[in-house]
Amino acid sequence: MADPALRLDENVPGDFYVDSTCIDCDACRVFAPTVFSDESDQSFVFHQPETGEELLAAQKALITCPTSSIGSSTGARAAIDTLPEWIAEDVYRCGYASESSFGAISYFLGDPKILIDSPRFAGPLVKKLDEAGGVRRMLLTHQDDVADHEKFHERFGCDRVLHRDDVRAHTKMIEVQPAGLEAINVAIELASDLVMIPTPGHTRGHAVFLYRNRFLFTGDHLAWSPNRGHLYAFRSACWYSWPEQILSMTRLLDYSFEYVLPGHGRPIHLPADEMRASLVKCIDWMKTKR
Ligand code: SF4
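Now for a description of the structure that goes with this document.

1. Description of the pairing of strand β11 (residues 188-191)
Where β11 lies against strand β12 (residues 194-198), three bridges are found, and the strand directions are antiparallel. From the neighbouring strand, Glu 189 faces β12, where its bridge partner is Val 195. Counted between consecutive antiparallel strands, the loop separating β11 from β12 contains two residues.

Here it is, written out as structure tokens:
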């Protein structure tokens, strides 16, 4: 629970607030961008919810916050049934972010019953996933966002997919499937409508997942920048190789997609041609940041 005694001064007066335990993961700003903003290294409430829609969004952010840094006297019980949050078709945003993945956003594909990156293993979410038919597979974009994968595996018996170049001690139980990922830059068709595309850069074994040639789940490889008005990558959080990440980004020009759904950073939905143009801008911008 957030602590009113630790309420940040930047919060505007009112019921919702962020306390000083915030780790600035950005998750609240993804779920409720009209309520939360950031100042230096922490989030704060810049606008108290006024409509029912804003209230629900703020409550979803409260549930999602990985460090329980958001407070409200009204709690968030009403929002529990709204998570995972529907995006389009059978694609959902899970909520319930985990501190061990620095609050990364994870996703659920309802038809194939796939989790993309790992949310927190929270009772209400597990119940909702159970009601949806369980989880058959977890697709993990990279080593940083695996969070509670073992608990989900134990509960649902799901396969787990992670590029072998990102398998580390804390991820050693993850099965790398299908075989053949030694060819690290070759895309793998996991199903007729689902492709795993290796994107080394942020980490050596980073990969993105393309679903139905429409939804691109990008982990920490690619996100939308509202300030720049185009897609971008995290130069200051590139742990493996920026030149490799530029090459990986360039290879994405071979694919068509309308949604970029990242682990960190902002999502975006654009017509495929506009998305491609934005990706070109991103690559040009990346080349100036070497
Ligand atoms: S979700 Fe929580 S930890 Fe993350 S930025 Fe918001 S208040 Fe901070």
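More follows now that the structure is in view.
2. Observations regarding helix α4 (residues 149-156)
Within the sequence span of α4, burial applies to His 149, Phe 152 and Phe 156. End-on view of α4: buried residues confined to an arc of 65 degrees, all on one side of the axis. Where α4 is buried, its residues touch β8 (114-116), α3 (123-131), β9 (137-139) and β10 (159-161). Residue Gly 157 follows α4 closely and has a positive phi angle near 65 degrees.

3. Considering the pattern of salt bridges
Close approach of charged atoms allows side chains of opposite charge to pair. Considering all chains together, one arrives at 16 salt bridges under this definition. Here Glu 89 makes a salt bridge to Arg 212, at a shortest N to O gap of 2.9 Å. Here the residue Glu 89 occupies a position in the loop between β5 (85-88) and β6 (91-93), and Arg 212 occupies one in the loop between β13 (207-211) and β14 (215-219), the gap between them amounting to 123 residues. Judged by relative accessible area, which is 29%, Arg 212 ranks as partly exposed. A cluster of three or more residues bridged by salt bridges with shared partners is formed by Glu 89, Asp 90, Asp 111, Asp 193, Arg 212, Arg 214 and Glu 258.

4. Quick look at the sheet that holds strand β17 (residues 259-262)
Pairing in this open sheet of six strands is mixed, and the strands run β11-β12-β13-β14-β17-β18 from one edge to the other. Strands at the two margins of the open sheet, each flanked by one partner only, are β11 and β18 (268-269).

5. As for helix α6 (residues 272-287)
Taking 1.5 Å of rise per residue, the 16 residues of α6 would be expected to cover 22 Å, and the 23 Å separating its terminal C-alpha atoms lies within 8% of that figure. All buried positions along α6 are accounted for by Met 275, Ser 278, Leu 279, Cys 282, Ile 283, Trp 285 and Met 286. The arc that holds every buried residue of α6, seen down its axis, measures 160 degrees, which confines them to one face. In α6, the exposed positions that point more than 90 degrees away from the buried face belong to Asp 273 and Lys 281. Against the buried residues of α6 lie β15 (223-225), β16 (230-232), α5 (242-251), β17 and β18.

Cut-offs used in this document
- Residues numbered from 1 in each chain as written.
- Predicted model: local features only at pLDDT ≥ 70, side-chain atom pairs only at ≥ 80, totals over all residues.
- Heavy atoms only, no water.
- Pairing = 2+ DSSP bridges.
- Helix = DSSP H or I, 4+ residues; strand = E, 2+ residues; numbered from the N terminus.
- Buried < 20%, exposed > 50% of the residue type's maximum accessible area, 1.4 Å probe, protein only.
- Arc of directions from axis to C-beta.
- Contact = heavy atoms within 4.5 Å.
- Salt bridge = Lys/Arg side-chain N within 4 Å of Asp/Glu carboxyl O.
- Expected span 1.5 Å × (residues − 1).

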